[in-house]
Amino acid sequence: MWIFNLHFILASICVIKVSFCFDLLGIDTGQKGPLAWDIQFKRIENCKERGPKLMDFDLRLKRVSRTRVDMVGNITFKVDYGDNIKGPLAWDIQFKRIENCKERGPKLMDFDLRLKRVSRTRVDMVGNITFKVDYGDNIKIISDFSTWGNGGWKSNAYRFTIKKACTEFSVFENFIVAIRKESGMPLTTCPIPKGTYELENFDTRVINNISIPFYTIPTLWRMTFSHYDKSDNRLLDCKVFIVESKVKHLKRQHDQDHKKVEKT
């Protein structure tokens, strides 16, 4: 038996009605206000279809105070828990287009990239990434994600800061490492020397290997990445990526559970 405070989520369990906050992942949002949410677990339930129950999440909630709820119980793996296992939140994320920001600063990091559709399910990224200065941890990235709705973009839906551009990958580690490897950038040393790095037929489906709460909302996303010099907070360059997230599998189970929550 064990108890822990809900500062992180160990696994996805069906029908947990919560509002996600970036603090759960230890991500610095860089702002206060609308993103300072109060997250409270209400209940934990089993799915209708559980299969052979090889991973048993025997958990319950225990209210400690008005503002604190603890999770208590056991998690039992009857098989090794590895990357060969796929969870209920498997998403298909497709790049739609790449745009320049209205404000780009001195354009010291030029992401001259375009998309090339290879098949119905595959979109490649091709082009050049040019660093006119060394790309190091003296640079930070402000990530601003907007959602599409009612005929327009809803700005600042999610916003967080990657404090060290060269060594801090956040949830995009697999995607960034794949880009570096494909373009010939060094993988283990920083800063990355200034120069031009070429991407040729880079399969963007690698982005499906990331896990982040906002992908629990299938929609169109406008992801803006702004690079700043940390010493004087000067904008160095900026790029926009439009992507669409869709549920890849277990959608039927997800819909059934969603209807169940709505009825209660």
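Residues numbered from 1 in each chain as written. Predicted model: local features only at pLDDT ≥ 70, side-chain atom pairs only at ≥ 80, totals over all residues. Heavy atoms only, no water.

**Quick word on the pattern of salt bridges**
Inference 1: This model, assessed by the stated rule, comprises 14 salt bridges.
Inference 2: In this structure, the salt-bridge partner of Asp237 is Arg104, at a minimum N-O distance of 2.9 Å. With Asp237 in strand S11 (residues 234-247) and Arg104 in the loop between strand S4 (91-100) and strand S5 (109-117), the pair connects residues that are 133 residues apart, well separated along the chain.
Inference 3: For Arg104, a relative accessible area of 13% corresponds to the buried category. (Salt bridge = Lys/Arg side-chain N within 4 Å of Asp/Glu carboxyl O. Helix = DSSP H or I, 4+ residues; strand = E, 2+ residues; numbered from the N terminus. Buried < 20%, exposed > 50% of the residue type's maximum accessible area, 1.4 Å probe, protein only.)

**Quick word on unusual backbone geometry**
Inference 1: Between Cys190 and the following residue, Pro191, the backbone shows a cis peptide bond with an omega angle of 5 degrees.
Inference 2: By secondary structure assignment, the location of Pro191 is in the loop between helix H1 (173-183) and strand S9 (195-203).
Inference 3: With phi around 60 degrees, Lys107 is a residue other than glycine that occupies positive phi space.
Inference 4: Assignment of secondary structure puts Lys107 in the loop between S4 and S5.
Inference 5: Of note, Asn201 is a non-glycine position whose phi angle comes to about 55 degrees, a positive value.
Inference 6: For Asn201, the position within the fold is in strand S9.

**A closer look at the sheet that holds strand S6 (residues 123-131)**
Inference 1: Read across the open sheet, the three strands follow the order S5-S6-S9; overall the sheet is antiparallel. Two strands close off the open sheet at either side, each with one partner strand: S5 and S9. Between one strand axis and the next, the sheet turns through 10 degrees on average, direction left out of account.
Inference 2: As paired strands, S6 and S9 are joined by seven bridges and run antiparallel to one another. Bridge pairing in S9 links Thr130 to Thr196.
Inference 3: Contacts from H1 reach S6 and S9, with the element oriented near 110 degrees to S9. (Pairing = 2+ DSSP bridges. Axes fitted to C-alpha atoms, helices over the stretch in contact; angles between N-to-C directions. Contact = heavy atoms within 4.5 Å.)

**A short note on the nonpolar core**
Inference 1: Within the largest apolar cluster, 37 residues are counted, with the highest numbers of intra-cluster contacts made by Met125 and Phe131.
Inference 2: Element by element, the count of residues in this core is highest for strand S8 (residues 152-162), at four residues.
Inference 3: Excluding anything up to four places from it in sequence, Met125 contacts Phe95, Ile98, Leu113, Arg114, Leu115, Phe175, Leu199, Asn201, Phe202, Thr204 and Phe241. (Core = buried A, V, L, I, M, F, W, Y, C linked by side-chain atoms within 4.5 Å.)

**With respect to the packing of aromatic side chains**
Inference 1: Scanning the entire structure with this criterion turns up eleven aromatic pairs.
Inference 2: Geometrically, the ring pair formed by Phe95 and Phe241 is edge-to-face, given 6.1 Å between the ring centres and 90 degrees between the ring planes. Separated by 146 residues along the polypeptide, Phe95 in strand S4 and Phe241 in strand S11 bring together distant segments of the chain.
Inference 3: Owing to a relative accessible area of 12%, Phe241 belongs among the buried residues under this scheme.
Inference 4: Note on Phe225 and Phe241: the rings are 6.1 Å apart at their centroids and 65 degrees apart in plane angle, and the pair reads as edge-to-face. Separated by 16 residues along the polypeptide, Phe225 in strand S10 (residues 220-229) and Phe241 in strand S11 bring together distant segments of the chain. Phe241 carries the same exposure label as Phe225, and that label is buried.
Inference 5: Ring pairing ties together the aromatic residues Phe95, Phe145, Phe160, Phe175, Phe202, Phe225 and Phe241, which thus form one cluster. (Phe/Tyr/Trp six-rings, centres within 6.5 Å; stacked < 30°, edge-to-face > 60°.)

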